[in-house]
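Each chain, written out:
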Amino acid sequence: MAAGALVSGTAEARDRIQVVGSSTVFPFTTAVAERFGQKSGKAPIVESTGTGGGMKLFCAGVGANTPDASNASRRITKSEFDTCKQNGITPIEVKVGFDGIVLANSKKAREIDVTLEQLYLALAAEIPGPDGKLVKNPNEKWSDVAANLPNQKIEVLGPPPTSGTRDAFNEMAMEGGCKSVQKRLGIKIEAKQCMQIRADGAYIEAGENDNIIVQKLDSNPNAFGVFGYSFLEENQDKIQGSKINGVEDSVDNIASAQYPLSRSLYIYVKKEHLGVIPGLQDFLNEYVSEAAFGEDGYLEKKGLVPLPKADRDAVAKAARAGTGLAGL
């Protein structure tokens, strides 16, 4: 009741829905916002702040001076969920579909096939030396990692630590490749060390705008970029994806999780803002409509890989009912 009173007392401060969060989910939510705006006359304001930055804003409190929803390219963490609960927020979790993290380069360069282990050996701050102990990463060229990789300087443009794409890349690519090295060498490396990306210029934090990375790859054939599959889909005339462990980054491979860097995408909505911030429930309903996140929906045309029908039905039912996330 107190939370409701807080929102009700300040709802007059704005009449547009506010969404923050993931740059990967940004184009999908923007498409829904535009469609919703055509129907309602007031399109939601969508900002790209990165998943971590978005969840921090989202979980800060209830009220019209706080965001109504947050895009996320990974699931909410326990600490974020606990912060939300402490601040009177019941997040409604909406899994909107699948995406793949790609390692892309210019079509002017050759396409490569790289393993998770090779990605780890190229980008980790420290890797095992001849005696199995960690040393500063000595690999300067891709060919230093493996003879079949390009004889060129390692140069990868990717997201910053506030990005959910960075979190997912660290967990799936860096830790995944690190585990392969540990198994091969019979050694133990802490997960935190596995996910520590080098800061000597081989990996360049390119901000939250993935379109900038695409532009830089187009102008620099020697560079690679890390971002969501949807940006590759939209720019196939300029860039190409690399095979990971021999698997192409196709829609079918991402949906089936055969592609090693497949992940789920989310949007979180404040239950306490439903019925208070004008149009929020209708916006949520539009997001989970078959016309939007279904097969052949307008979000699939943007590069989103749809959930299976049974999963979509369950997600849509919970969203329309305003069912909050009970725990993690």
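Going by the annotation in an unreviewed UniProt entry, the name recorded for the protein is PBP domain-containing protein, with Blastochloris viridis given as the source organism.

Participant: Give a detailed account of the overall build of the protein, specifying residues and quantitative values.
Facilitator: A count of helical and extended segments in the protein gives 14 helices and 13 strands. For the protein, the C-alpha radius of gyration of 21 Å lies close to 20 Å, the compact-globule estimate for 328 residues. Dimensions along the principal axes, computed over C-alpha positions, put the protein at roughly 65 × 40 × 35 Å. By the burial criterion, 53% of the 328 residues in the protein qualify as buried. Accessible area for the protein stands at about 14100 Å²; split by element, carbon and sulfur atoms hold 50% of it. Here the protein contributes 37 positively and 41 negatively charged side chains, and the mean placements of these two sets differ by 2 Å.

Participant: Which residues make up the packing of aromatic side chains, and what values go with them?
Facilitator: In this structure the tally under the stated criterion is five aromatic pairs. Both rings, one in Trp 142 and one in Phe 224, keep their centres 5.4 Å apart while their planes meet at 65°; by these two values the pair is edge-to-face. Of this pair, Trp 142 sits in helix 6 (residues 142–145) while Phe 224 sits in strand 10 (residues 224–228), and the two are 82 residues apart along the sequence. For the pair formed by Trp 142 and Phe 224, the shared burial category is buried. Judged by centre distance (6.5 Å) and plane angle (75°), the rings of Phe 227 and Phe 231 are edge-to-face. Given a relative accessible area of 0%, Phe 227 falls into the buried group. Put simply, the rings of Phe 36, Phe 283 and Tyr 287 pair up and form one aromatic cluster. Its guanidinium or amino end placed over the ring of Tyr 298, Arg 35 lies 4.0 Å from that ring's centre, counting from NZ or CZ. Above the ring of Phe 58, the side-chain terminus of Lys 270 is found at 5.2 Å from the ring centroid.

Participant: Would you mind going over helix 14 (residues 309–321) in detail, with residue names and values included?
Facilitator: Its 13 residues give helix 14 an end-to-end C-alpha distance of 18 Å, which sits within 8% of 18 Å, the value for a rise of 1.5 Å per residue. Listed in full, the buried residues belonging to helix 14 are Arg 312, Val 315, Ala 316 and Ala 319. Summarising the axial view, the buried residues of helix 14 lie within an arc of 100°, below the 170-degree limit, and thus occupy one face. For helix 14, the exposed residues lying more than 90 degrees away from the buried face are Ala 310, Lys 317 and Ala 321. Looking at the buried side of helix 14, the elements it contacts are strand 4 (91–106), helix 12 (280–287) and helix 13 (290–293). Looking one or two residues past helix 14, Gly 322 carries a phi angle of roughly 65°, positive in sign.

Participant: Account for the environment of Asp 113, with residues named and values stated.
Facilitator: For Asp 113, the location among the structural elements is in strand 5 (residues 113–114). Accessibility expressed as a relative area gives 34% for Asp 113, which makes it partly exposed. Each C-alpha atom, one on Asp 113 and one on Leu 103, is 10.0 Å from the other, the two residues being ten residues apart in sequence. When sequence neighbours within four positions are dropped, the list of residues in contact with Asp 113 reads Gln 118, Asn 148, Leu 149, Lys 243, Asn 245 and Gly 246. Reaching out from Asp 113, the side chain makes a polar contact with the backbone nitrogen of Gly 246 at a distance of 3.1 Å.

Participant: Talk me through the layout of surface pockets; I want residue IDs and the actual numbers.
Facilitator: By volume, the largest pocket amounts to about 250 Å³. Secondary-structure elements contributing two or more residues to the lining of the largest pocket are helix 7 (164–185) and strand 13 (262–270). Its residues placed into classes, the lining of the largest pocket shows five nonpolar, four polar and six charged. Counting residues domain by domain, the lining of the largest pocket receives three or more from each of domain 1 (18–98 + 264–321) and domain 2 (100–262).

Participant: Account for the state of the cysteines, with residues named and values stated.
Facilitator: One pass over the full model with this rule turns up two disulfides. Between the sulfur of Cys 59 and that of Cys 84 lies a disulfide, 2.1 Å long from S to S. Looking down the S-S bond of the Cys 59 and Cys 84 bridge, the torsion is -75°, so its handedness is left-handed. Here the residue Cys 59 occupies a position in the loop between helix 3 (51–58) and strand 3 (69–72), and Cys 84 occupies one in helix 4 (residues 78–86), the gap between them amounting to 25 residues.

Rules used throughout
- Residues numbered from 1 in each chain as written.
- Predicted model: local features only at pLDDT ≥ 70, side-chain atom pairs only at ≥ 80, totals over all residues.
- Heavy atoms only, no water.
- Helix = DSSP H or I, 4+ residues; strand = E, 2+ residues; numbered from the N terminus.
- Rg over C-alpha atoms; globule rule 2.2 N^0.38 Å.
- Buried < 20%, exposed > 50% of the residue type's maximum accessible area, 1.4 Å probe, protein only.
- Areas by Shrake-Rupley, 256 points an atom, 1.4 Å probe, with all protein chains shown as cover.
- Lys, Arg positive; Asp, Glu negative; His and termini not counted.
- Charge placed at Lys NZ, Arg CZ, Asp CG, Glu CD.
- Phe/Tyr/Trp six-rings, centres within 6.5 Å; stacked < 30°, edge-to-face > 60°.
- Lys NZ or Arg CZ within 6 Å of the ring centre and 35° of its normal.
- Expected span 1.5 Å × (residues − 1).
- Arc of directions from axis to C-beta.
- Contact = heavy atoms within 4.5 Å.
- Polar contact = N/O pair within 3.5 Å; in protein donor to acceptor, adjacent residues only side chain to side chain.
- 1 Å grid on protein atoms, 1.4 Å probe; cavity = no way out; pocket = protein on both sides within 12 Å on 5 of 7 lines; lining within 4 Å.
- Points joined across faces, edges and corners; volume = space filled by probe spheres on them.
- Nonpolar A, V, L, I, M, F, W, Y, C, P; charged D, E, K, R; others polar.
- Domains from an automatic or database assignment.
- Disulfide = S-S within 2.5 Å.

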